[in-house]
Amino acid sequence: LAARPARSGDLPLGVSPLETAIAMSLDDPHVWAAAGSLYGSWGSIDPSYYMQAEASFRRALELAPDIATHHTALGAILIQQGRVEEGTVELERAVDLDATDGVAFRHLAQTYETLGQQDKATWARKEAERWSDE
């Protein structure tokens, strides 16, 4: 329900159902990750939502620290906020947990490129191609 208003451009209307879902499942990392994903997608429209996305993914990781996709998503959110070094740490953690995470490798390749680490960027790009579903 929270995603529907966002599709029509009414982000504030989506917050209430999202907060209700969280309140009903405070200890469910998947609910927190879903909230992080929604807030993250809303961040492309209103960057203030990136902070809520970050907080949601951090809560998901408190509850389930070994889920690679949550680290990947947090890394991407941090990078969106301009916190490249912190985002890189999360992406590296993601591939440590799941060496087949093509999405994390793709983000790492872009990040290493930004940081001027060409050898690492080349390696991550090859791994992204190797493990991508595309």
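The following paragraphs examine the structure supplied in this document. (Residues numbered from 1 in each chain as written. Predicted model: local features only at pLDDT ≥ 70, side-chain atom pairs only at ≥ 80, totals over all residues. Heavy atoms only, no water.)

## Looking at the environment of T122
In step 1: Checked against the element boundaries, T122 lands in helix 8 (residues 118-131).
In step 2: Here T122 falls in the partly exposed class, since its relative accessible area comes to 37%.
In step 3: As a C-alpha pair, T122 and Y112 span 10 residues in sequence and 8.7 Å in three-dimensional space. (Helix = DSSP H or I, 4+ residues; strand = E, 2+ residues; numbered from the N terminus. Buried < 20%, exposed > 50% of the residue type's maximum accessible area, 1.4 Å probe, protein only.)

## Focus on the nonpolar core
In step 1: Judged by nonpolar contacts, the single largest core of 16 residues is most densely connected at Y39, W42, F57, L74 and I77.
In step 2: Looking at this core, the elements with two or more residues in it are helix 3 (29-43), helix 4 (49-63) and helix 5 (68-80).
In step 3: Aside from chain neighbours lying at most four places away, what touches I77 is G40, Y50, A53, E54 and F57. (Core = buried A, V, L, I, M, F, W, Y, C linked by side-chain atoms within 4.5 Å. Contact = heavy atoms within 4.5 Å.)

## So, helix 8
In step 1: Relative to the 20 Å expected for 14 residues at 1.5 Å per residue, helix 8 spans 20 Å between its end C-alpha atoms, a close match to the ideal helical length.
In step 2: Buried within helix 8 are the following residues: A121, A124, E127 and A128. The buried residues of helix 8 occupy an angular sector of 130° when projected down its axis, which confines them to one face. Turned more than 90 degrees off the buried face of helix 8, the exposed positions are D119, K126, E129 and R130. (Expected span 1.5 Å × (residues − 1). Arc of directions from axis to C-beta.)

## Comments concerning the side chain of T88
In step 1: In this structure, T88 sits in helix 6 (residues 84-97).
In step 2: Leaving out residues up to four positions away in the same chain, T88 has contacts with L108, T111, Y112 and L115.

## Focus: the pattern of salt bridges
In step 1: The final tally for this structure, using the stated rule, is 9 salt bridges.
In step 2: A salt bridge links E127 to R130, with the shortest nitrogen-to-oxygen separation between them at 3.6 Å. Remark: R130 and E127 occur in helix 8; sequence separation between them is 3 residues, near one turn of the helix.
In step 3: On the accessibility criterion, E127 (15% relative accessible area) is buried.
In step 4: Of the residues examined, R130 reaches a relative accessible area of 55% and is grouped as exposed.
In step 5: Overlapping salt bridges bring together E54, R58, R83 and E86 as one network. (Salt bridge = Lys/Arg side-chain N within 4 Å of Asp/Glu carboxyl O.)

## Remarks on the packing of aromatic side chains
In step 1: Applying the stated criterion to the full structure yields 4 aromatic pairs.
In step 2: Seen from their ring centres, W42 and Y49 are 5.3 Å apart, and the 75° between their planes marks the pair as edge-to-face. Each member of the pair, W42 as well as Y49, carries the same accessibility label: buried.
In step 3: With a centroid separation of 5.4 Å and an interplanar angle of 85°, the aromatic rings of F105 and W123 are classed as edge-to-face. Here F105 is found in helix 7 (residues 102-114), whereas its partner W123 is found in helix 8, with 18 residues between them in sequence.
In step 4: Residue classification places F105 among the buried positions, given a relative accessible area of 3%.
In step 5: Look at W123 and you get partly exposed, because its relative accessible area is 40%.
In step 6: Taken together through their ring pairs, the aromatic side chains of Y39, W42 and Y49 make up a single cluster. (Phe/Tyr/Trp six-rings, centres within 6.5 Å; stacked < 30°, edge-to-face > 60°.)

## Re the packing of helix 5 against helix 7
In step 1: Where helix 5 meets helix 7, the axes come as close as 10 Å, and the angle between the chain directions of the two elements is 25°. In terms of orientation, helix 5 lies roughly parallel with respect to helix 7. In this structure, helix 5 meets helix 7 at a crossing whose hand is left-handed. Contacts between helix 5 and helix 7 involve T72, A76 and I79 from the former and V103, A104, H107 and T111 from the latter.
In step 2: Of the residues belonging to the contact of helix 5 with helix 7, the class tally is 4 nonpolar, 3 polar and no charged. (Axes fitted to C-alpha atoms, helices over the stretch in contact; angles between N-to-C directions. Parallel < 35°, antiparallel > 145°, perpendicular 65-115°, else oblique. Left-handed = near helix turned anticlockwise from the far one by under 90°. Nonpolar A, V, L, I, M, F, W, Y, C, P; charged D, E, K, R; others polar.)

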